[in-house]
Amino acid sequence: RARELGGGRQSWFDPAMHAHVVERVRMEHDLRGALSGKTDLWVAYQPIVEMVTSGLAGFEALVRWNHPERGNIPPGVFIPIAESTGLVVTLGTWVLREACRQIAIWQDQREPGSAPLFMSVNLSTRQLADPNFVEVVREVLRETGVEPSWLKLELTESAVMDKAEQSIRLLQELRALGVKLSIDDFGTGYSSLSYLHKLPIDSLKVDRSFVSAMHQSEENRAIVRIIMDLARLLGFDVIAEGIETSADANLLRALACDYGQGYHFARPLPPEEAGKLVGGLLSWQTP
Ligand code: C2E
Ligand code: MG
Ligand code: MG
Ligand code: MG
């Protein structure tokens, strides 16, 4: 019968396709529920270190979903669903508020006079498109008592480069608040070099794929070096993600990379664990 309909895999009763749709609808339903109760969602914090000293510089907030029946569902699975349904706007605001609340507490626990920690929060394209977004950020900063300069918003290249002119205006408004801006997964999207120098941003985050490939060939090292040179030329800081070995860390130090993040230093941690690093009760080996 499928063949009669001109079928193959696309026909309306394709069981695999049907299962896929059911799965998505179910996940969307469950995510909506989780968002209204917020019981199964939590935020993990991955340390970001200053490469020269290996000292703690800040954290990246990474959302986690502990599904009551299915256990942990990775953000790589549910964020795309949240994006396609628009739920990511509610989710993103919740993560932003949670991360700001947390950094305000941690900042209070720091020794007086020590440099403030920053908190990086990922943004989705949908949030940028929300006309209330700047107001939401302003309000969250106000209610949590967070200094704007402690907050670093991570945007992907595609989020910024689609509608570049419009994005630049929005980024300027955010920057006028005093918030820091970073391009995430740099090198994997399609940044136009003619826009890159116009972007009011503070840092580039080199994608993990380049960091993990560094040891394979001189070409791969050259890519990382070129991103560093480009960043310096444009006046941006560089953060390398996915640092898994001390060899990775040493190579990046030799390239004068500013900040690093990866399993070599620490995994994304539950708030209680991350808090121990803030208080200086736990630390990693310095080089
Ligand atoms: P991302 O923003 O590029 O975050 C870095 C990802 O790399 C995280 O994956 C982190 O756990 C992982 N990672 C860090 N160090 C290492 C390492 O040394 N080795 C390896 N193999 N992986 C490492 P995670 O937490 O699964 O998040 C995946 C993506 O989901 C994030 O990529 C981000 O795009 C998105 N995401 C996470 N939380 C949020 C959120 O609150 N809002 C939005 N819009 N997106 C989020
Ligand atoms: Mg990120
Ligand atoms: Mg990233
Ligand atoms: Mg990434």
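A brief report on the enclosed structure follows. (Residues numbered from 1 in each chain as written. Chains lettered and ligands numbered in written order. Predicted model: local features only at pLDDT ≥ 70, side-chain atom pairs only at ≥ 80, totals over all residues. Heavy atoms only, no water.)

Notes on the coordination of the magnesium ion (ligand 2)
Metal coordination angles have textbook ideals: 109.5 degrees for a tetrahedral set of four donors and 90 or 180 degrees for an octahedral set of six.
Step number 1: Around the magnesium ion (ligand 2), the protein contributes the donor atoms Glu 60 (OE), Asn 122 (OD1), Glu 154 (OE) and Asp 184 (OD), which lie 2.0 to 2.2 Å from the metal centre.
Step number 2: Separating the magnesium ion (ligand 2) from the magnesium ion (ligand 3) is a gap of 3.6 Å, which Asp 184 spans by donating to each of them. Residue Glu 60 is found in strand 2 (residues 56–67), and its partner Asp 184 is found in strand 6 (residues 180–186); the two are separated by 124 residues along the sequence. An identical accessibility class is assigned to Glu 60 and Asp 184; each is buried. (Donors = N, O, S within 2.8 Å, 3.2 Å for Na, K, Ca; no water. Helix = DSSP H or I, 4+ residues; strand = E, 2+ residues; numbered from the N terminus. Buried < 20%, exposed > 50% of the residue type's maximum accessible area, 1.4 Å probe, protein only.)

Quick look at the nonpolar core
Step number 1: Counting 83 residues, the largest nonpolar core has Leu 153, Leu 174 and Leu 252 as the members making the most contacts within it.
Step number 2: Of the residues forming this core, the biggest block, eleven residues, is contributed by helix 3 (residues 87–109).
Step number 3: The contacts of Leu 153, once residues within four sequence positions are left out, are Leu 96, Val 121, Leu 123, Phe 133, Leu 174, Val 179, Lys 180, Leu 181 and Ser 182.
Step number 4: In this structure, Ile 48, Ala 57, Phe 118 and Tyr 259 belong to the second largest nonpolar core, which totals five residues. (Core = buried A, V, L, I, M, F, W, Y, C linked by side-chain atoms within 4.5 Å. Contact = heavy atoms within 4.5 Å.)

Quick notes on the site of ligand 1
Step number 1: By nearness alone, 22 residues border ligand 1, and Arg 64, Asn 122, Asp 184, Glu 244 and Tyr 263 come closest of all.
Step number 2: Separating an oxygen atom of ligand 1 from a side-chain N or O atom of Arg 64 is a distance of 2.8 Å.
Step number 3: Taking Arg 208, its side chain carries an N or O atom lying 3.1 Å from an oxygen atom of ligand 1.
Step number 4: Its free accessible area being 800 Å², ligand 1 has 84% of it covered by the protein chains.
Step number 5: Of all elements in the fold, only strand 2, helix 2 (75–85) and strand 6 reach the threshold of two or more residues within the shell around ligand 1.
Step number 6: Looking at the shell around ligand 1 element by element, the count peaks at four residues for strand 2.
Step number 7: Residue classes in the shell around ligand 1 are distributed as nine nonpolar, five polar and eight charged. (Near = heavy atom within 4 Å. Polar contact = N/O pair within 3.5 Å; in protein donor to acceptor, adjacent residues only side chain to side chain. Areas by Shrake-Rupley, 256 points an atom, 1.4 Å probe, with all protein chains shown as cover. Nonpolar A, V, L, I, M, F, W, Y, C, P; charged D, E, K, R; others polar.)

Observations regarding the packing of aromatic side chains
Step number 1: Following the criterion strictly, the structure yields five aromatic pairs and no others.
Step number 2: Relative to Tyr 259, the ring of Phe 118 lies with its centre 5.7 Å away and its plane at 80 degrees, an arrangement referred to as edge-to-face. Of the two residues, Phe 118 sits in strand 4 (residues 118–122) while Tyr 259 sits in strand 9 (residues 259–260), which places them 141 residues apart along the sequence.
Step number 3: A residue is classified by how much of its surface remains accessible, and Tyr 259, at 19% relative accessible area, is buried.
Step number 4: Put simply, the rings of Tyr 45, Phe 59 and Trp 106 touch in pairs and so form one group of aromatic residues.
Step number 5: Looking at Lys 152, its charged tip hangs above the ring of Phe 118, at a distance of 4.3 Å from the centre. (Phe/Tyr/Trp six-rings, centres within 6.5 Å; stacked < 30°, edge-to-face > 60°. Lys NZ or Arg CZ within 6 Å of the ring centre and 35° of its normal.)

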